[in-house]
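Each chain is listed here by its residues.
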Amino acid sequence: MSTILTYIAITDGKIKRSSLEVLSHCKKIGDAAGHTVEAVLIDANASSFVEGIQKYGASKIHVVEDPVFTNHMNTPLLKALAKVMEKVNPAVFAFASTESTKDILGALAANQDAAVIADVSSFELSPNGVKAKRPVMAAKIMANAEAISDRVIVSVRSGSYDLNESPASAEVISVDFSMDENEVKATLKEIISATGDTVDLNEAEAIVAAGRGIKDDEGKALVAELASILNAGIGASRALTESGVYDPSLQIGQTGKVVSPQLYIAVGISGAIQHVAGMTNSKVIVAINKDPDAPIFEVADYGIVGDLYKILPPFIEEIKKIKS
Amino acid sequence: MKFYVCIKMVPDVYAPIQIKEGELIMDGDRMVLNAYDASAVEEALVVKEKHGGEVEVVCIGPAKASETIRKALAMGADKATHILADSEKEYDSASYSKVLAAFFSDKEYDVLSLGKQSQDTDSGLTGSMVAERLGLPYATNAVGLEAGNGSLIVKRQGDTGQEMIELPFPCAVTCSNDMNDPRIPNLKGIMASKRKPIDQIDISSLGINEAELVAKTTVIGYEEKPARQAGKKYEGEPEEVAREVAQLLDTEANAL
Ligand SMILES: Cc1cc2nc3c(=O)[nH]c(=O)nc-3n(C[C@H](O)[C@H](O)[C@H](O)COP(=O)(O)OP(=O)(O)OC[C@H]3O[C@@H](n4cnc5c(N)ncnc54)[C@H](O)[C@@H]3O)c2cc1C
Ligand SMILES: Nc1ncnc2c1ncn2[C@@H]1O[C@H](COP(=O)(O)O)[C@@H](O)[C@H]1O
């Protein structure tokens, strides 16, 4: 019997839903194979999140609590993960794929001499390690990959699995941790945050994404109004994050975030492969574009051909009516 | 300042792809400099233009990768090392990171710069692996670099915002293409690149045990992504089509 360990990510003082998706999946494959499933929480206030993960069926929750984890920094996170990994010696260590995870995944694998497979859209245990599917070539095709090792680190795209509660009352184990300043190596000087109350795009149920077709404040206001009535997150193409029209954290695509909402409305976005790479897993895609040949229409369930400045006002009005 | 930039030759993601019995068939001629590495080269050149120093590129790849190296030299890199790799062997990020770490173990530099990911595989692992193997402070997903006094200030795109991180030299950084727009080599650059030195070495000369390089992750096969059906296009009077689609989102797609 071996152990599957999952990392529970905390961002902005909240448990990242995608890490609970990963835990849910690990619990399922762990139960099927007779493996135990454990979780690790690392945060300045780690113990306050224990409650929130109890109901997902981990048998142990390792808690690393230290003020050094107030903000993301790779050296302390790496040290804590390596410590827990050595202690638990898991056959599989699974993460939700986030920028913080991507920052340390390779280093952790090198440090622990484990195999690593990043950004998968599904994975299963195999006799040799882990088998996984991952999108490649700007998400145009899927690769069936295998990580062969008795210790495999895997990271999973958000939205790949459903949440699944399975009651267990986990044993909570607090892990000794300390780090002196010299060990940290890098200095975090400043954090330039996106406006605090924005919806986490990875977890948004609906997203309104703006592209270069949005030319001015009037366009931005229309996008904001549509997002607001749909309770949606606002995303953007690289054309608009690059030019500073939207915050860089809102970029969706190969370089930006990978999202999988129930509803994705692309407004004035052409549908370049690198953008599409980040949004094709959305359930329903709506595209508004004045060019009938724009590639975005190839992935859209509903394509509205026309000038967004003329389309959005009646579209917003109609949705308001439906909602009320 | 001395920059080493690790560059990789990758298939052009715009090239048409076919899958036959699980094998990926691509136009072998359409190999390009990884877009993220082009940004890493560009930024190193910008820092060099401001503070002086040297930009050297390092590429592990088959003989054909010399074209990719020439591209970086044509952009303005000073010189290159080409670590020749057998194209028959399957390597993963871990394998490449071991070769790079072995190569850099006896080199002197201020900044080791890599792309944040390969544009074909999107792995994003090599950078932090190399940093860990060499014991370097590092930052990933950089969208801006600024050379300080004995340190590099990195603006990093994190999950919810940007982090300014100071790394003492020597350090490693992985670059996003959001950092800049890489220059397109001009004729003068292309001509000059032909005279720039490319040092060719063999992986075996780095003293790594072959068994160490065997990839722990392998691709068993490729398959089509379940394609999305292109839906219906609605054209006509803006007012009408807008209302129609809004209605359908409610009644047909159940998405509101
Ligand atoms: C390595 C790499 C990584 C990349 N990563 C990303 C990424 O993560 N995310 C990303 O988005 N891009 C990414 N890109 C860039 C990508 O290739 C495109 O350049 C970008 O997505 C284009 O953004 P856009 O669709 O907003 O702009 P454009 O391509 O300029 O399209 C604008 C669209 O708006 C339409 N339009 C204009 N006016 C109106 C109007 N009034 N009403 C309706 N429609 C209108 C036009 O018909 C056009 O189709 C990457 C590129 C590279 C090389
Ligand atoms: N064969 C290689 N030669 C030189 N650099 C490489 C090679 N493979 C990976 N890298 C570097 O590692 C980055 C990507 O890592 P990864 O996404 O793990 O493949 C690239 O952007 C390069 O900077």
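Reading guide: rules and limits
Residues numbered from 1 in each chain as written. Chains lettered and ligands numbered in written order. Predicted model: local features only at pLDDT ≥ 70, side-chain atom pairs only at ≥ 80, totals over all residues. Heavy atoms only, no water. Domains from an automatic or database assignment. Contact = heavy atoms within 4.5 Å. Buried area = accessible area lost by both parts, 1.4 Å probe. Salt bridge = Lys/Arg side-chain N within 4 Å of Asp/Glu carboxyl O. Polar contact = N/O pair within 3.5 Å; in protein donor to acceptor, adjacent residues only side chain to side chain. Pairing = 2+ DSSP bridges. Helix = DSSP H or I, 4+ residues; strand = E, 2+ residues; numbered from the N terminus.

## Examining the domain arrangement of chain A
Residues and elements named next belong to chain A.
Turning to step 1, where the next piece is worked out: When the domains of chain A are assigned, the result is domain 1 (3–183) and domain 2 (206–323).
Turning to step 2, where the next piece is worked out: Counting residues at the interface gives six residues for domain 1 and five residues for domain 2.
Turning to step 3, where the next piece is worked out: For the pair domain 1 and domain 2, the two sides together bury roughly 570 Å², of which 50% comes from carbon and sulfur.
Turning to step 4, where the next piece is worked out: If you sort the residues of domain 1 by the area they bury against domain 2, Ala138, Arg157 and Ser158 come out on top, with a joint share of 61%.
Turning to step 5, where the next piece is worked out: Put simply, domain 1 and domain 2 have zero salt bridges between them.
Turning to step 6, where the next piece is worked out: Linking domain 1 with domain 2 are one residue pair in polar contact (both at pLDDT 80 or more).

## Brief notes about the interface of chain A and chain B
When the parts of a complex come together, some accessible area is lost, and that lost area is often taken as the interface size.
Turning to step 1, where the next piece is worked out: With 89 residues of chain A at the interface, the matching set in chain B holds 81 residues.
Turning to step 2, where the next piece is worked out: At the boundary of chain A with chain B, total buried surface from both sides reaches about 7300 Å², with 52% on carbon and sulfur atoms.
Turning to step 3, where the next piece is worked out: Counting the contacts that link chain A with chain B gives nine salt bridges.
Turning to step 4, where the next piece is worked out: Of the charged contacts in the structure, one is a salt bridge between glutamate 223 of chain B and lysine 133 of chain A, with a shortest N-O distance of 3.1 Å.
Turning to step 5, where the next piece is worked out: In this assembly, chain A and chain B are joined by 58 residue pairs in polar contact (both at pLDDT 80 or more).
Turning to step 6, where the next piece is worked out: Pairing of strand S18 (residues 302–305) of chain A with strand S15 (residues 232–235) of chain B, which is carried by four bridges, proceeds in the parallel orientation. Bridge assignment links isoleucine 304 of chain A to a residue of S15 of chain B, and that residue is tyrosine 234 of chain B.

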